[in-house]
Amino acid sequence: MNEVVIVITDHAYKRAKERLKWKKAALDRMAEKAYQDGLTHKDVKGRIRAYLNDVYQKNKRINNIRVHGENIFLFTGSKLLTIYRLPNDLSSSAQKCKK
């Protein structure tokens, strides 16, 4: 199995602390889980897909968006650039889309 090395930017660490109150170790662990197990754009539909389309339009450098739990991880390849909290009205829809 090919092991992908996840690179996390300083900006992503800062945003995880600011938005989610996560420490460095928590983001390291969750970024790996999101990259491996998170829902991709093709895994979701409806309002979540529309929301991810909007996120992509605002962040053209992003080529790999993952939804894991109630969070959206924005990657370029295997480099995590930033993280957002999924809006409350969409988090229940994400639970229904779980693999």
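Reading guide: rules and limits
Residues numbered from 1 in each chain as written. Predicted model: local features only at pLDDT ≥ 70, side-chain atom pairs only at ≥ 80, totals over all residues. Heavy atoms only, no water. Core = buried A, V, L, I, M, F, W, Y, C linked by side-chain atoms within 4.5 Å. Buried < 20%, exposed > 50% of the residue type's maximum accessible area, 1.4 Å probe, protein only. Helix = DSSP H or I, 4+ residues; strand = E, 2+ residues; numbered from the N terminus. Contact = heavy atoms within 4.5 Å. Pairing = 2+ DSSP bridges. Axes fitted to C-alpha atoms, helices over the stretch in contact; angles between N-to-C directions. Salt bridge = Lys/Arg side-chain N within 4 Å of Asp/Glu carboxyl O.

Undergrad: Which parts of the structure should I look at to understand the nonpolar core?
TA: Buried together is how nonpolar side chains tend to be arranged in soluble globular proteins. I8, W22, L27, F73, L80 and I83 are the most contacted members of the largest nonpolar core, which totals 16 residues. Among the secondary structure elements, those contributing two or more residues to this core are α1 (10-20), α2 (24-37), β3 (71-76) and β4 (79-85). Once residues within four sequence positions are removed from consideration, L27 is found in contact with I8, A12, Y13, A16, W22, F73, L80 and I83.

Undergrad: Explain the sheet that holds strand β2 (residues 64-68) here, please?
TA: Paired through their backbone hydrogen bonds, the strands of a sheet run either parallel or antiparallel. Strands sit in the order β1-β4-β3-β2 across an open sheet of four strands; the sheet is mixed. The two strands at the open ends of the sheet, each matched to only one other strand, are β1 (7-8) and β2. Bridge analysis of β1 against β4 gives two bridges, and the strand direction is parallel. Paired with V7 across the bridge in β4 is K79. Strands in contact with α1 are β1, β3 and β4; relative to β4, the strand with the most contacts, it is inclined by about 15°.

Undergrad: Even after reading the chapter, I still don't get the pattern of salt bridges, so can you show me in this structure?
TA: Close approach of charged atoms allows side chains of opposite charge to pair. The full count for this structure, using the stated rule, is four salt bridges. Where E18 meets R15, a salt bridge forms, and the shortest distance between an N and an O atom there is 2.9 Å. With E18 and R15 both in helix α1 and three residues apart, the pair spans about one turn of that helix. A relative accessible area of 45% means that E18 is categorised as partly exposed. Its salt-bridge partner being R47, residue D89 comes within 2.8 Å of it at the nearest N-O pair. Here the residue D89 occupies a position in helix α4 (residues 88-96), and R47 occupies one in helix α3 (residues 46-58), the gap between them amounting to 42 residues.

Undergrad: Would you explain the environment of K17 in this entry?
TA: On the secondary structure map, K17 appears in helix α1. Since its relative accessible area comes to 59%, K17 is described here as exposed. A C-alpha to C-alpha distance of 23 Å links K17 and L39, two positions 22 residues apart in sequence.

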